[in-house]
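# Understanding the architecture of this molecule
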Amino acid sequence: MNIRPVRTVATLVAGALMTTATAAVVAVHADAVIYVKNPDFTRSSAFWTASAHATKARVKVTIDGKKAHAGQVKTRTTRKPRTVRLTSSLSPTQIPVAGTHVHAAARVWTSAPGTIVSYRAYALQHGKVVSSARSRTTAPRGWFWVGAELRTTRARTRIKVSAALEDARTGQLLRVTDVNVTVTPPVVPTVGARCEDVSFKDPAQGDLTYSDEFNGAGLDPREWRVRDNTFLNHDAAFIAKKNVSVHDGYLDIRGRREPRASWRSNPNALYGEENRVRSYSTGYVDSIKNKTYESADAASDERFSQRYGHFEARMWVPSEATMSRGIWPAFWLRADHQAGEIDAMESYGGPTIRSFDPSSSYEWNSWGDTAEGSMTGIEKQQTHGRADVGTDKIWQGWHTYAVNWSPRCLRYLYDGRTVGLVDFDDPSTKPYFRGPTFADTFHIRFNLQIGSKYWGWPDPARTRDQFSFRIDYVRVYQGKELDASAWPAGRRRDRREGAQHDSRAHAEAPVGGIPGEPPTRASRLCRSEHVSALGFRCRSRARTVGRVLVVIEGR
């Protein structure tokens, strides 16, 4: 299941919006035209471009008994159906701030009722599309409204819009007029009197925006990426998609000791001969968006990311106290365009090479400088803690792990109980929570690492041959007050009822490395040339275990 409340003006009929937003759309028209040149086609069809298989013209029309002008595209002679499109020029006005809510709408008419009309809004930076949203409507007879909305992911972007007639045949027409764009700057609302009171999972405070119950036969590749045939440079395993499956109602990420003939060697291993040979295989799943976007016509995937929200997973971790050395499952979030993360759960199996046994509980963390600033200086942009789970041994059964991220705090939860709290307004809290990292959207990751220089490398005498990290579900909620400033644009679909709203968004993938991974700075300790090539994170963490130790870890 993947539910996101529909706020876009997208599915409309017979010239009337199927929402209460009609009055607002019309009322702001006069203030919104600076984002679209010639929105009513009063100056011929200038500032608009037709696609290759269409001709462009300005025509006189009558709408609701009033005369007006419209832009028109007519399908050229074609042997097969084509998508014909009318696209505006780039907006003369920049949108200065990331997180701005953009609502675009227009009136359209087609000579082919029953066909699909799509409407798309784009945000571009330096001529490249960095986010977009699209709606698709079965065209009725007469004029009707279409619309799309998106949230900008970059500062200083410009807008363009397009209307398209899909599968158009020779001579079919699409007309467009009354084009308008409404821009709402982001706001940081105050939710709840105390951090402990903020819970976007509470129906009174939030709505479900994404969910996967893992009830099918496999992962949907449009929503999840399963890594294959690669390494992380700091552990002792190689990643293979064979270790990821969905069965019996849960996602299963397995680790296993491989026959010697299947061992692999990682020449870029961070610790040289210590972890060069990879005798174990494991799995890695994430929702990183998987494409770069060179033009406004590029299709986007449906992978999920969101700024703020309640992120929760029900899991059974394999990090037992015995025969589990090096086993390291994690449920975490990574910034889409910045170097940062939020770790809802990291668990370590035993026995370790330390005097402390970490297996009964787990750690929560946040980083403002993953693979970057954590390698420079003494002061680290990292906040972490150890969850108090009482007498539980977390590896003995199913438990829920969550982080509730609001504009003022992070609250970590174990089986619904708060086990960690970071108040951004507390003078002792590090200032990076108010910086660019946490102004970004974050995607979801599940992985099972095997081996750690700090906790110990796996070996047959202390690590069993097979183990399983099970995820029953992952669910994400968003605060009701955050709709305008932090709402993710994306595919909104309820598989249970077959309903579909095809509003999409994407982010331009950074240059270098695994698509979706932030670029990294050079780092002598982390060998960041391998970071960009293989997409692991490297960090320096200070721990006190009898004495202060500085350890390089990552994933």
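Residues numbered from 1 in each chain as written. Predicted model: local features only at pLDDT ≥ 70, side-chain atom pairs only at ≥ 80, totals over all residues. Heavy atoms only, no water.

### Quick notes on the overall build of the protein chain
The helix and strand inventory of the protein chain stands at 4 helices and 35 strands. In the protein chain, buried positions account for 60% of the 555 residues. Summarising the internal contacts of the protein chain: among those between residues at least 6 apart in sequence, 74% fall at separations of at least 24. A total of about 21,800 Å² of accessible surface is found on the protein chain, and carbon and sulfur atoms cover 51% of it. (Helix = DSSP H or I, 4+ residues; strand = E, 2+ residues; numbered from the N terminus. Buried < 20%, exposed > 50% of the residue type's maximum accessible area, 1.4 Å probe, protein only. Contact = heavy atoms within 4.5 Å. Areas by Shrake-Rupley, 256 points an atom, 1.4 Å probe, with all protein chains shown as cover.)

### As for the side chain of Ser347
Here Ser347 lies in the loop between strand E24 (341–346) and strand E25 (363–367). One polar contact links Ser347 to Ser319, side chain to side chain, over a distance of 2.3 Å. When residues no more than four places from it in sequence are discounted, the contact partners of Ser347 are Val317, Ser319, Ile327, Trp328, Pro329, Ser361, Tyr362 and Ile394. (Polar contact = N/O pair within 3.5 Å; in protein donor to acceptor, adjacent residues only side chain to side chain.)

### What about the packing of aromatic side chains?
What the rule picks out here adds up to 26 aromatic pairs. Ring geometry for Phe41 and Trp48: centres 5.0 Å apart, planes at 35°, overall tilted. For Trp48, a relative accessible area of 4% corresponds to the buried category. The rings of Tyr308, Trp405, Phe424, Tyr432, Phe433, Phe438 and Phe442 are connected pair by pair, giving a single aromatic cluster. The ring of Trp316 carries Arg470 above its face, with NZ or CZ at 5.6 Å from the centroid. Arg475 extends its terminal NZ or CZ atom over the ring of Tyr473, reaching a point 3.7 Å from the ring centre. (Phe/Tyr/Trp six-rings, centres within 6.5 Å; stacked < 30°, edge-to-face > 60°. Lys NZ or Arg CZ within 6 Å of the ring centre and 35° of its normal.)

### Quick notes on the environment of Asp336
Within the secondary structure layout, Asp336 lies in the loop between strand E23 (327–335) and E24. In this structure, the C-alpha to C-alpha distance between Asp336 and Thr153, residues 183 residues apart in sequence, is 9.4 Å. Within the local environment of Asp336, its side chain forms a polar contact with the side chain of Thr441, the two groups lying 2.5 Å apart. Of note is the side chain of Asp336, whose polar atom sits 2.8 Å from the side chain of His443.

### Points about the sheet that holds strand E1 (residues 48–50)
What the 5 strands build is an open sheet, ordered E1-E4-E9-E6-E7; its pairing is antiparallel. The two strands at the open ends of the sheet, each matched to only one other strand, are E1 and strand E7 (128–138). Each strand of the sheet is rotated relative to its neighbour by a mean of 20°, with strand direction disregarded. Pairing between strand E4 (residues 82–88) and strand E9 (residues 158–168): 5 bridges, direction antiparallel. Bridging across to E9, Arg85 finds its partner in Ala164. (Pairing = 2+ DSSP bridges. Axes fitted to C-alpha atoms, helices over the stretch in contact; angles between N-to-C directions.)

### Quick word on the pattern of salt bridges
In total, this model carries 20 salt bridges according to the counting rule given. Note that Arg222 and Asp220 form a salt bridge whose closest N and O atoms lie 2.9 Å from each other. With a closest N to O distance of 3.4 Å, Arg462 and Asp459 form a salt bridge. Among the ionic contacts, a cluster of salt bridges with common partners joins Arg134, Arg136 and Glu166. (Salt bridge = Lys/Arg side-chain N within 4 Å of Asp/Glu carboxyl O.)

### With respect to unusual backbone geometry
Here the residue pair Gly350 and Pro351 is connected by a cis peptide bond, since its omega of 0° sits within 30 degrees of zero. Relative to the helices and strands, Pro351 resides in the loop between E24 and E25. In the Ramachandran plot, His126 falls in the positive-phi region, its phi being about 55° despite a non-glycine side chain. Within the secondary structure, His126 sits in the loop between strand E6 (116–125) and E7. The exposed category is assigned to His126, whose relative accessible area is 77%. A positive phi angle is found at Asp167, which is not glycine, with a value near 55°. Along the chain, Asp167 falls in strand E9. What makes Asp167 exposed here is its relative accessible area of 52%.

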